[in-house]
Amino acid sequence: MVDNLERDIERLADAAARAGHRLPLLMTGNDAWTLAALEHILDAIGESELLLIGNRPIAGLEPTERRRVLGGECDTLVFDLWTRPEVNTLAAAAGCLRRGGLCLLLAPPAAQWSDYFCTADGYPELFWQHFLRSLEELPELTALNQREGLCLPDFSLLGMASDSSLPTADQLQAMAKVRRVLHGHRRRPLVLKADRGRGKSALLGLCAGEFLLENQGDILITAPRREALASFFRHAREALSLPEKSELGYGESRLRFLAPDQLLQEKPDGRILLVDEAAAIPPALLEQMLSAYSRVVFATTVHGYEGSGRGFDIRFGAVLDETVPQWQRFDLQEPIRWHEGDPLEGLLNRALLLDAEAAFDPDIDANPLAFDELDKLVLFQREDLLREVFGLLVVAHYQTTPADLQQLLDAPSSRVFALRNAAGHVLAAALVLEEGGLDDEWLDPVQQGERRLQGHLLPQSLVYHMGLEDALKQRCARVSRIAVHEAYRRRGLGRELLKAIEQLALEEGLDYVGSSFSADAKVLPFWLGADYLPLRLGVRRDPCSGGHALLVAKPLSAEA
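Residues numbered from 1 in each chain as written. Predicted model: local features only at pLDDT ≥ 70, side-chain atom pairs only at ≥ 80, totals over all residues. Heavy atoms only, no water.

Visitor: What am I meant to see in the pairing of strand S7 (residues 190-194) here?
Guide: Working note: regular strand, side chains alternate between the two faces of the sheet. Of all 5 residues that make up S7, 5 are buried, and the element is covered over most of its length. Taking every second residue as pointing to the same face, both faces of S7 are buried, with Leu 190, Leu 192 and Ala 194 on one and Val 191 and Lys 193 on the other. Judged from the 5 bridges that link them, S7 and strand S13 (residues 328-332) form a sheet pairing that is parallel. When the sheet's bridge partners are listed, Lys 193 is paired in S13 with Asp 331. (Buried < 20%, exposed > 50% of the residue type's maximum accessible area, 1.4 Å probe, protein only. Helix = DSSP H or I, 4+ residues; strand = E, 2+ residues; numbered from the N terminus. Pairing = 2+ DSSP bridges.)

Visitor: What's the story with a negative patch on the surface in this structure? I'm lost.
Guide: Together, Asp 439, Asp 440, Glu 441, Asp 444, Glu 450 and Glu 469 give the surface a local cluster of negative charge. Tracing the chain through its elements places Glu 450 in the loop between helix H17 (443-447) and helix H18 (457-464). (Patch = residues over 30% accessible without salt bridge, like charges linked within 9 Å, V, L, I, M, F, W, Y side chains within 5 Å. Areas by Shrake-Rupley, 256 points an atom, 1.4 Å probe, with all protein chains shown as cover. Salt bridge = Lys/Arg side-chain N within 4 Å of Asp/Glu carboxyl O. Lys, Arg positive; Asp, Glu negative; His and termini not counted. Charge placed at Lys NZ, Arg CZ, Asp CG, Glu CD.)

Visitor: Got a minute to help me understand the side chain of Lys 376 in this structure?
Guide: As for its position among the elements, Lys 376 is in helix H14 (residues 376-381). Separated by 2.5 Å, the side chain of Lys 376 and the backbone oxygen of Ala 411 make a polar contact. In contact with Lys 376, not counting residues within four places along its chain, are Leu 126, Gln 407, Leu 408, Leu 409, Asp 410, Ala 411, Pro 412 and Ser 414. (Polar contact = N/O pair within 3.5 Å; in protein donor to acceptor, adjacent residues only side chain to side chain. Contact = heavy atoms within 4.5 Å.)

Visitor: What exactly am I supposed to notice about the pairing of strand S10 (residues 253-257) here?
Guide: Direction of pairing for strand S8 (residues 219-222) relative to S10: parallel, over a ladder of 3 bridges. Residue pairing for S10: Leu 220 is matched across the bridge by Arg 256. Inspection of the sheet shows strand S9 (residues 249-250) paired to S10 by 2 bridges, in the antiparallel sense. Among the inter-strand pairings, Gly 249 is bridged to a residue of S10, identified as Arg 254. Counting the residues between successive antiparallel strands, the hairpin from S9 to S10 contains 2 residues, one of them, Gly 251, with a positive phi of roughly 60 degrees.

Visitor: For this particular structure, what's the right way to read the sheet that holds strand S6 (residues 149-151)?
Guide: Backbone-to-backbone hydrogen bonds join strands into a sheet, with any given pair of strands oriented parallel or antiparallel. Strand order across the open sheet formed by 6 strands is S2-S3-S4-S1-S5-S6, with mixed pairing between neighbours. This sheet does not close on itself; its edge strands, each paired only once, are strand S2 (50-53) and S6. Each strand of the sheet is rotated relative to its neighbour by a mean of 15 degrees, with strand direction disregarded. Taken strand by strand, helix H2 (residues 31-45) contacts strand S1 (23-28), S2, strand S3 (74-80), strand S4 (97-107) and strand S5 (142-145), and its axis lies near 160 degrees from that of S4. In the packing of helix H6 (residues 126-136) onto the sheet, the strands contacted are S1 and S4, and the crossing angle to S1 comes to about 115 degrees. (Axes fitted to C-alpha atoms, helices over the stretch in contact; angles between N-to-C directions.)

Visitor: What should I look at first to understand helix H19 (residues 493-507) in this one?
Guide: Structural remark: α-helix, 3.6 residues per turn; residues separated by three or four positions point the same way. Spanning 15 residues, H19 covers 21 Å between terminal C-alpha atoms, matching the ideal 21 Å at 1.5 Å per step. Regarding H19, the residues found buried are Leu 493, Gly 494, Leu 497, Leu 498, Ala 500, Ile 501, Glu 502, Leu 504 and Ala 505. One or two steps after H19, the chain reaches Gly 509, where phi turns positive at roughly 80 degrees. (Expected span 1.5 Å × (residues − 1).)

Visitor: I keep staring at a nonpolar patch on the surface and nothing clicks. Help me out?
Guide: Among the surface-exposed residues, Met 466, Leu 468, Leu 533 and Leu 535 lie close enough to one another that they form a single nonpolar patch of about 310 Å² accessible area. With respect to the helices and strands, the residue Met 466 is situated in the loop between H18 and strand S17 (475-484). Judged by its relative accessible area of 32%, Met 466 is partly exposed.

Visitor: I keep staring at the confidence of the model for the chain and nothing clicks. Help me out?
Guide: Should the pLDDT be low somewhere, the predicted coordinates at that spot are not to be read in detail. Per-residue confidence for the chain averages 88 on the pLDDT scale, and 93% of its residues sit at or above 70. Summarising per-element confidence for the chain, the mean pLDDT is lowest in helix H3 (residues 66-69) (74) and highest in strand S11 (residues 272-275) (98). (pLDDT = per-residue confidence, 0-100.)

Visitor: What is the right way to look at unusual backbone geometry in this model?
Guide: Of all residues except glycine, most have a negative phi; of all peptide bonds, most are trans. In this model, Ala 59 sits at a positive phi of 50 degrees, which is unusual for a non-glycine residue. Phi at Leu 353 takes a positive value of approximately 55 degrees, unusual for a residue other than glycine. Counting through the fold element by element, Leu 353 comes out in the loop between helix H13 (343-351) and strand S14 (370-373).

Here is the structure:
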């Protein structure tokens, strides 16, 4: 058994290398068996760079921290699904696996998923069941089962990767456009868009190094997290032929990283500003960057854990059209870290809904509209409906992550409401969390700042910051997300959905409805126009959004 397993794993690794793909291998059985099988497979693979994503050490490996994942690379990736790894870390780690690598997923037997993946209170963990179902339905899946042994995929499905040299033709075109931003007319920013693995950070690093060699001034780079720029800095060093960890510069010119808020506070001089993962930075901050610098390149991931490129398109594209109508756009299509049609990329797009869209032909005059609470089990069973809802929420918010999908499906306090047309399509959706209803025993620890109660954002803030002692006992509905399909905006659907949520909260005896969001001139009129009271403005700016958190509420009960 062991000899055959090792031989078959070698065949699988060879097929992955020939195809230029990264292949998932699902290992199911009892915990002790999956750990023993993992050790055999790692022996068969031999020496390689490994990343373990989970919450326990196994097979001599320590779990990898999120900060080490961003920008890293590996040959073999292990997902310990027994321990329910942090979802955003899992999504980020997938981008680290090089072409030809194996992603090993350890899980209980399929017949036990519904029993194993549930909370201590008996709530089903639908997210993990959805993830595993997506994995099982993958045509290129390799399955290793304790009872049935190894089942290899049809290798003819994998194809053969063509030889590709770097930089690709895609990247060369993009680099020419970046050079034009620096050396051409002012006020003609460039937007680079790509899925993960297309090398946008690498080409930005090569361009930054090239520009520094001209020694005519500093090059500025900003991004939500410095840790995600490992590829950028590595390629900038290569362009400058500098050793690792050396200061990035040439002559009197330097490559300077500043976080978005620091950049806009200091506004240092620079020949060009490079903005990586722009979709994870709110449009208000991007607007300020556009005003402060005349030569800017915005790079953004279309689908990814850092933010939503589709939301970026809708919300920031209009700003660019209005302020700099001669802006340019280039889409990177060709993968460089893996081959087109990569099975692991396809799996994660489906399992984490990274490519979710409310995709249907809109009928602008569609009536009548029905207000529904969408049962989570129905969303789990109907992936088309789940994709419509999550696709709407993704576009509405600049920082939607896979963890938001997990909260939507699994948080006991979360509820999903929608307005649907006669055909059943979702025109507007809201994610609402019930908070409060807590005993007085929590009052002193919260007031003294000794305890942070997860899942009770509004009551906790009212007690700690505003001294409203009854706020913990009162029950509220917090609108976490609310979104309207692009084709139906400015028709009152958001207001209609909010009113329906308020009426239901009143009937269920809740004390108030509220929300907390980054204060924005475009968002405020919606809430103030619906008679919500602004109660507290945050003292500190969010380092990424650049805005102050605003807490608003509408009382329903006399006590509230």
